[in-house]
Amino acid sequence: MWTVRLVARRPLQFAVAAATRGRLATGGSDLILRHKQVSSLGEPAASRSTTTAWARRTLHLSAEARSAKETPAPVEEEVGGFTKLIEAMGFTGPLKYNKWKIKIAALRMYTCCVERINYDDFFERCSLPDTLNSWFLVAQLHVWMCLVRMRQEGRAGKYMCRYIVHSMWEDVEQRSKIMGIDAVHRKEALKAMTETFYAALFGYDEGILCADGVLAAALWRNLFNCQCEDPAQLELMVEYVRKQMQFIDSLDGEDLLLTGEVKWRPLLEENAQSILKVATPTYNDAGL
């Protein structure tokens, strides 16, 4: 009752107070606009028209400022309550594409990491020994770049990341068997590689988001095993990672989910700043 009487007696004061309370939600320009509009109610017609024109200009400038400063947030994939429930239990809900197609694309993407890389060039340029561990360190660098790219493709991309990593460990185990490593040493080596891989993921993630010095430190620890004494080798690898990530980001996400085809840029090239887009991958109606 008392609130109704106060509003009826002092409408201007309550309007200004309401505008003041809404400053945090609407911004300072809207507060000026509301104040001018409320104050113009008791002014003459000529003054009111001038105030209205000024308010329109203020609103227009405020809208332009917001559109220039604010960037649209990434749209999260909407899932139902049942999907959230089963994924909280450790299962995977329905995805945008068939899961078997994504698994095949993940295997192809991992294959691109091991068959389309000139490992001898890396061993020579980075002074790495020609061993299984050195091969794994170079392979995990390219697998990490694929994981960074596919994590941008929502739930389907994250599902694909799981099978890229799964394919990597299957391949590492098969290669160790072919090399004749016994079961005991193979188990110990896989355990050490697992720790190295997940530590490298954290280091590379930090490096790609920070300055070149942080990325160089991550490469020095994880790729060179803290044994690189030539700054030119670190500079070469930092440049390689930067240009490769820029190139992969330019690839279409739908094509990557359906085909998994990735063509890597060479370790050394004349113009490293250019982005050379590969031809669009071709696939049939089944997505294969």
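Residues numbered from 1 in each chain as written. Predicted model: local features only at pLDDT ≥ 70, side-chain atom pairs only at ≥ 80, totals over all residues. Heavy atoms only, no water.

## Re the overall build of the protein chain
Here is the rule: The secondary structure listing takes helices from DSSP runs of H or I that are at least 4 residues long and strands from runs of E that are at least 2 residues long, numbered from the N terminus. Relative accessibility decides the category of a residue: with a 1.4 Å probe and only protein chains considered, values under 20% of the type maximum give buried, values over 50% give exposed, and everything between is partly exposed. In this description, contact between two residues means that some pair of their heavy atoms is separated by no more than 4.5 Å. All accessible areas in this document rest on Shrake-Rupley with a 1.4 Å probe, and a residue is counted as covered only by the protein chains that are shown.
Along the protein chain, the regular secondary structure elements total 14 helices and 0 strands. Moving toward the C terminus, one meets the helices and strands of the protein chain in the order α-α-α-α-α-α-α-α-α-α-α-α-α-α. Burial status across the protein chain gives 36% buried among its 288 residues. Summarising the internal contacts of the protein chain: among those between residues at least 6 apart in sequence, 67% fall at separations of at least 24. Taken as a whole, the protein chain presents about 17700 Å² of accessible surface, with 57% of it coming from carbon and sulfur.

## Side note on the confidence of the model for the protein chain
Put simply, the rule is: pLDDT measures the predictor's confidence residue by residue and takes values from 0 up to 100.
For the protein chain, the average pLDDT comes to 74, and 61% of its residues sit at 70 or higher. For the stretch residues 1–16, pLDDT sits under 50, and the model shows 5 contacts to residues farther than four places along the chain or on other chains. For the stretch residues 18–75, pLDDT sits under 50, and the model shows 25 contacts to residues farther than four places along the chain or on other chains.

## Looking at the pattern of salt bridges
The following threshold applies: Salt bridge criterion: a side-chain nitrogen from Lys or Arg within 4 Å of a carboxyl oxygen from Asp or Glu.
Applying the stated criterion across every chain, the model contains 9 salt bridges. In this structure, glutamate 153 engages arginine 149 in a salt bridge whose closest nitrogen and oxygen atoms are separated by 2.7 Å. Residue class for glutamate 153 comes out buried when judged on its relative accessible area of 18%. With a closest N to O distance of 3.5 Å, arginine 151 and aspartate 205 form a salt bridge. Of this pair, arginine 151 sits in the loop between α9 (132–150) and α10 (154–178) while aspartate 205 sits in helix α11 (residues 183–209), and the two are 54 residues apart along the sequence. With a relative accessible area of 25%, aspartate 205 lands in the partly exposed category.

## A look at α11
Spacing of three or four residues puts side chains on the same side of an α-helix, whose turn is 3.6 residues. Short version of the rule: Given a helix with a known number of residues, its expected span is that number minus one, times 1.5 Å. The term polar contact refers here to a pair of N or O atoms within 3.5 Å; inside protein, the definition further demands a hydrogen-donor-capable atom paired with an acceptor-capable atom, and it admits residues adjacent in sequence only when both atoms are side-chain atoms.
Relative to the 39 Å expected for 27 residues at 1.5 Å per residue, α11 spans 39 Å between its end C-alpha atoms, a close match to the ideal helical length. Packed against the buried residues of α11 are α9, α10, α12 (212–222) and α13 (231–249). Here α11 starts with a cap whose side-chain oxygen sits 3.2 Å from the backbone nitrogen of valine 184, and that cap is aspartate 182.

## A few points about the nonpolar core
Put simply, the test is: In these notes, a set of buried Ala, Val, Leu, Ile, Met, Phe, Trp, Tyr and Cys residues joined through side-chain atoms within 4.5 Å is what counts as a nonpolar core.
Trp135, Trp144, Leu219, Met237 and Trp264 are the most contacted members of the largest nonpolar core, which has 65 residues in total. Of all the secondary structure elements, the ones that give two or more residues to this core are α7 (99–115), α8 (119–125), α9, α10, α11, α12, α13 and α14 (253–259). Broken down by element, the residue count for this core peaks at 14 residues, all from α9. If sequence neighbours within four positions are ignored, tryptophan 135 has contacts with Tyr110, Val114, Tyr119, Phe123, Asp171, Val172 and Arg175.

## Quick word on unusual backbone geometry
Positive phi outside glycine occurs at serine 127, with the angle close to 55°. Note on placement: serine 127 falls in the loop between α8 and α9. You can call serine 127 exposed: its relative accessible area is 53%. Notably, asparagine 225 is not glycine yet its phi reads approximately 55°, a positive angle. Position of asparagine 225 among the secondary structure elements: in the loop between α12 and α13. Judged by its relative accessible area of 37%, asparagine 225 is partly exposed.

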